[in-house]
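The residues making up each chain are set out below.
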Amino acid sequence: MECFQRVFVGNGRSLVWPNARCARYLSQESNIEKHKPKTGILLLNMGGPQTVNDVPDYLLRIMTDRNLIQLPMQRFLGPYIAKKRTAEVQKKYEEIGGGSPILKWTQKQGNGLVERLDTASPSTAPHKYYVAFRYANPLTDETMRQIEKDQLDHLVVFSQYPQFSCATSGSSFDAIYHYFRKRQVPANMKWTVIDRWPTHSLLCQCIADRIKTELNFFPVEEQKDVVLLFSAHSLPLKAVKRGDSYPYEVGATVQAVMETMKYSNPYAITWQSKVGPVPWLEPATEDAIKGFHKRGLKNFILVPIAFTNEHIETLHELDIEYGKDLVKELGGKITIRRAAAPNDHKLFLDCLADIVETAVKADERVTNKFLSRCPKCTNRSCQPYKSFFAKVCQK
Ligand code: FES
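Chains are numbered independently. Their residues run from 1 in the order of the written sequence. Confidence filtering applies because this is a predicted model: local features only for residues at pLDDT of at least 70, side-chain atom pairs given and counted only at 80 or more, and all residues used for totals across whole chains, interfaces and linings. Hydrogens and waters are ignored; side-chain quantities use all the structure's heavy atoms.

Turning to the overall build of the protein chain, a few remarks are in order. Regarding its fold elements, the protein chain presents 14 helices and ten strands. For the C-alpha atoms alone, the extent of the protein chain along its principal axes is close to 90 × 50 × 40 Å. Within the protein chain, buried positions represent 51% of all 395 residues. Working rule for contacts: check all heavy atoms of both residues, and any pair within 4.5 Å makes them a contact. Within the protein chain, contacts between residues at least 6 apart in sequence are counted, and of these 75% link residues at least 24 apart. Numbering of helices and strands starts at the N terminus; helices are DSSP runs of H or I of at least 4 residues and strands are runs of E of at least 2. Exposure classes here rest on a 1.4 Å probe applied to the protein chains alone. A residue is buried below 20% of its type maximum, exposed above 50%, and partly exposed in between.

Encoded structure:
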């Protein structure tokens with residue numbers, strides 16, 4: 001039997017129409033229905049250029065994002081700085097293998113997450129993960145178009161920054177609002193927002209496990225004196241003064257990890273990746289290493305505490321600039337090791353699945369913390385995106 005037939009619709013015109021009695025057509029339909037995703041999990045992150053050729057666009061998006069950076073005459077100055085920094089940043093990506101591995105790790109995490117959710121929660125299956133990066137492909141707009149096409153029952157918008165900052169997580173949520181500013185929000189699609197999870201026990205256990213792996217490389221008698229430097233991306237003090245919750249949420253993660261480890265080692269929070277002349281959170285990771293080194297300490301483990309994937313800040317800044325260049329500068333008499341990011345650690349995949357499953361089961365759509373603004377917020381784009389999510393989450 002033919003799966004398609006010609007149907008005459010009058011005036012000599014005809015259409016090719018599926019033959020409803022064709023078994024092949026019917027089974028294809030039911031297959032589509034069976035595999036149509038019911039629940040989507042949208043993983044938000046900053047992203048990274050996959051090749052050195054993607055660096056110019058990536059930098060341009062960063063330098064023109066006013067949630068992340070506020071410059072005078074940003075429309076002109078942003079592209080100018082992006083262009084000026086391109087060659088230097090391309091060189092760094094070349095040194096770590098030619099591109100950012102963020103997408104690769106995010107896909108592994110997405111697959112592990114969906115696999116776990118399909119088993120743990122058949123009533124909300126099939127689950128499908130989506131990736132929306134803020135500054136590199138796949139970008140928010142492209143992913144949201146796919147989500148619209150898939151006609152989901154439920155979308156879980158899941159920030160992959162464990163600690164919330166208006167500059168990073170906030171910017172990703174704002175990008176979703178911008179996509180829908182002139183579009184209809186998909187009818188009948190339920191929304192859930194997961195905006196922060198700094199002290200989730202499985203995240204802390206995973207980080208503790210990554211640290212223990214590195215401790216084992218030191219002689220047993222030296223292990224308890226190894227200094228753990230929890231390194232997070234720094235933030236301009238201007239943002240801290242506005243009341244951005246990021247620094248204290250990073251502190252909460254470190255506290256919870258050290259509690260898991262029963263305060264086994266000396267430790268400190270340090271801040272990396274500062275750019276420009278304005279004051280940022282301190283001590284800088286590099287300065288902290290130098291300071292401890294002056295006091296005679298020689299064994300360190302750098303722990304990325306706010307990055308869940310390897311990327312340029314771990315692979316270049318921590319591994320090359322501190323792990324190799326700084327060691328050389330300090331005369332080679334110190335050891336700097338680095339704990340791996342959570343990446344595809346089993347505990348981390350369990351953590352992601354637990355966060356989504358718990359939020360979906362509890363029907364926690366959005367928190368009041370997410371919907372409220374920093375005490376001294378002056379960013380005009382914050383209220384509109386928060387109002388958008390209040391509306392779609394029906395809070
Ligand atoms: Fe934090 Fe606006 S800067 S809500």
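Moving on from the model shown.
Once that is clear, we can look at the side chain of Arg210. Counting through the fold element by element, Arg210 comes out in helix H7 (residues 201-215). Once residues within four sequence positions are removed from consideration, Arg210 is found in contact with Ala339, Ala340, Ala341, Pro342, Asn343, Asp344 and His345.

If DSSP finds at least two bridges between two strands, the strands pair. Overall, parallel pairing links the four strands, which are arranged S4-S3-S5-S6 in an open sheet. Edge positions in the sheet fall to strand S4 (127-133) and strand S6 (190-194), since each of these pairs with one other strand and no more. For this sheet the average axis-to-axis angle between neighbouring strands, irrespective of direction, equals 20 degrees. Pairing analysis gives six bridges linking strand S3 (residues 39-45) to strand S5 (residues 154-159), with the strands arranged parallel. In the sheet register, Leu42 faces S5, and the bridge partner there is Val157. Packing of helix H6 (residues 169-180) onto the sheet brings it into contact with S3, S5 and S6, and relative to S3 it is tilted by some 125 degrees. To obtain an axis, a line is fitted to C-alpha atoms, over the contacting stretch when the element is a helix, and the angle between two such axes runs from 0 to 180 degrees between their N-to-C directions.

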